[in-house]
Amino acid sequence: MLAGPATGRVTAPLALTFAALLLLLPALIWPLGTVASLGAQRQTWLETGVSALWNGGFRSLATLVGLFSVALPYVYLGLLTWVLGSLRFGLGGPLGTLFRWVKYVRPWMMIEVYLVGCFVAYSRIKVVATIEIGAGGWCLLAASLAFLLALTQLDERTVWAALSVEDAGKRGTQTIACTVCDLIVAGTEEGRTCPRCAAKLHVRKPDAIKRTAALVIAGFLLYVPANVLPVLTTVRLGRAEENTILSGVLELIQNDLWPLAIIVFVASIILPLLKLCGLTWMLLATYRRSGRLLVGRTRFYRMIDLVGRWSNIDVFTVSVLIAALRFGALTEVHAGDGLVAFAAVVVITMVATSVFDTRLMWDACGREPGRRHDRNA
Ligand SMILES: [Zn+2]
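In this text, all values refer to a predicted model and were calculated from it rather than measured experimentally. (Residues numbered from 1 in each chain as written. Predicted model: local features only at pLDDT ≥ 70, side-chain atom pairs only at ≥ 80, totals over all residues. Heavy atoms only, no water.)

**Q** Explain the coordination of the zinc ion here, please?
**A** For a metal with four tetrahedral donors the ideal donor-metal-donor angle is 109.5 degrees, whereas six octahedral donors ideally subtend 90 or 180 degrees. Donor atoms from the polypeptide that coordinate the zinc ion comprise Cys-178 (SG), Cys-181 (SG), Cys-194 (SG) and Cys-197 (SG), at 2.2 to 2.3 Å from the metal. Bound by 4 donor atoms, the zinc ion shows angles of 103 to 116° at the metal and therefore tetrahedral coordination geometry. Taken in sequence order, the residues that donate to the zinc ion follow the motif C-x2-C-x12-C-x2-C. With Cys-178 in the loop between strand 4 (175-177) and strand 5 (184-186) and Cys-194 in the loop between strand 5 and helix 8 (208-228), this pair connects stretches of sequence that are 16 residues apart. Across the pair, Cys-194 and Cys-178 agree in class, each one buried. (Donors = N, O, S within 2.8 Å, 3.2 Å for Na, K, Ca; no water. Tetrahedral: all angles 85-135°; square planar, octahedral: opposite > 155°, others 65-115°. Helix = DSSP H or I, 4+ residues; strand = E, 2+ residues; numbered from the N terminus. Buried < 20%, exposed > 50% of the residue type's maximum accessible area, 1.4 Å probe, protein only.)

**Q** What is the right way to read helix 2 (residues 48-55) from this model?
**A** It helps to recall that an α-helix has 3.6 residues per turn; residues three or four apart then point in one direction. By the burial criterion, the buried members of helix 2 are Thr-48, Gly-49, Val-50 and Leu-53. Buried residues in helix 2 make contact with strand 2 (40-44), helix 3 (59-88), helix 12 (313-324) and strand 8 (331-335). Of the residues trailing helix 2, Gly-57 is marked for its positive phi of about 90°. (Contact = heavy atoms within 4.5 Å.)

**Q** I tried to follow the sheet that holds strand 6 (residues 232-236) on my own but got confused; where do I start?
**A** For sheets, the rule is that strands pair by backbone hydrogen bonds, running either parallel or antiparallel. Overall, antiparallel pairing links the 3 strands, which are arranged 7-6-8 in an open sheet. A single partner strand is all that each edge strand has here, and the edge strands are strand 7 (239-243) and strand 8. Across the sheet, the mean angle from the axis of one strand to that of its neighbour is 20°, orientation sign disregarded. Pairing between strand 6 and strand 8: 5 bridges, direction antiparallel. Its bridge partner lying in strand 8, Val-235 is registered against Glu-332. (Pairing = 2+ DSSP bridges. Axes fitted to C-alpha atoms, helices over the stretch in contact; angles between N-to-C directions.)

**Q** Please clarify how a nonpolar patch on the surface should be interpreted in this entry.
**A** A cluster of nonpolar residues, Leu-246, Leu-250, Trp-258, Ile-262, Phe-265, Val-266, Ile-270, Leu-274 and Met-303, forms a patch on the protein surface that exposes about 760 Å² of accessible area. Elements that contribute at least two residues to the nonpolar patch include exactly helix 9 (245-254) and helix 10 (258-287). The element that contributes the greatest number of residues to the nonpolar patch is helix 10, accounting for 6 residues. Tracing the chain through its elements places Ile-262 in helix 10. (Patch = residues over 30% accessible without salt bridge, like charges linked within 9 Å, V, L, I, M, F, W, Y side chains within 5 Å. Areas by Shrake-Rupley, 256 points an atom, 1.4 Å probe, with all protein chains shown as cover. Salt bridge = Lys/Arg side-chain N within 4 Å of Asp/Glu carboxyl O.)

**Q** In this structure, what is going on with the pattern of salt bridges? I would like to understand it.
**A** Here the idea is simple: oppositely charged side chains can pair when their charged atoms come close. For the structure shown, the criterion picks out 8 salt bridges. Between Arg-106 and Glu-112 there is a salt bridge, with the nearest N and O atoms lying 3.1 Å from each other.

**Q** Is there a simple way to explain the confidence of the model for the protein in this structure?
**A** For any part of a model where pLDDT is low, the fine detail of the predicted coordinates should not be relied upon. In this model, the protein carries a mean pLDDT of 89, and residues with pLDDT of at least 70 account for 95%. Predicted confidence for residues 372-377 stays below pLDDT 50, and this span has 9 contacts to residues more than four positions away or in other chains. (pLDDT = per-residue confidence, 0-100.)

Shown next as structure tokens:
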């Protein structure tokens, strides 16, 4: 579908985004929950998982979890409130550039993915200890709901249309579509910046094939240790038990948590493999100038680009488990090297889809994207 009518809504998404931002502040101050085991009690905050990973020597993971679950949600909601607020109250400023950053940050702010990770961790902790959700936890839940509601009300085209630009250039034989705000400019603008959102303009994303291929190879190489090495070690009364991603799924099944087991299995094992194989297929088809299933391939690309971030559930689950189960000799959880490889696979496949350009698949067999004549191919 190309486009429906713009909704023109600014006030509703602004109110909901601002509400989500306000609700996220107490989520940082008040504890998410309290875990009790054999008389001992531990409180967990949003940032406890990050500091526990950092202190455990997993600094790269701590940085990733801190960015995805704490820092970027604030940046995203703050920027979006700024842009929508400026539009609502008629204030100026570099709104095009700011809204471009809103779009850039969106896949990396994972508050809703984090919440599902928390839920998986909650279900696993409940098996071994008693757990009570704190005020911070309810605020996080409310903030996520407000944010998801805001997304249903937010219409990007309304924002872009409000940021009108003067003459976008002559429509010659070749034009460039801005990949961020969809503005059409003259082909002579190659390498310059978009007059509306200040993104670099290119007819096609530069070095898309090479960059995607390099990232896909790295992804395949890391996929092996991600699934073979343990992602977490549970120490219970001096006895250590190592868990890989798959054994974590099996543990959920043993505890009759079937829906969660299916979610984690699909998100952690199936999705990364689907992304890597899908991108390999697209790269090979482009290389061989194949015209088969072009529409299907393009749709498949959109799907994996959209759902790829959900693979991070397991990373967040482990960070919450580490933070919640800190009972010394009784029960303790540590991250494993497999989790570093796993997080790297998720990040690498997310970057790989974002640097790939589906239009190259259409160029390769000399067709214009959008024409539906691949059925006869
Ligand atoms: Zn633009």
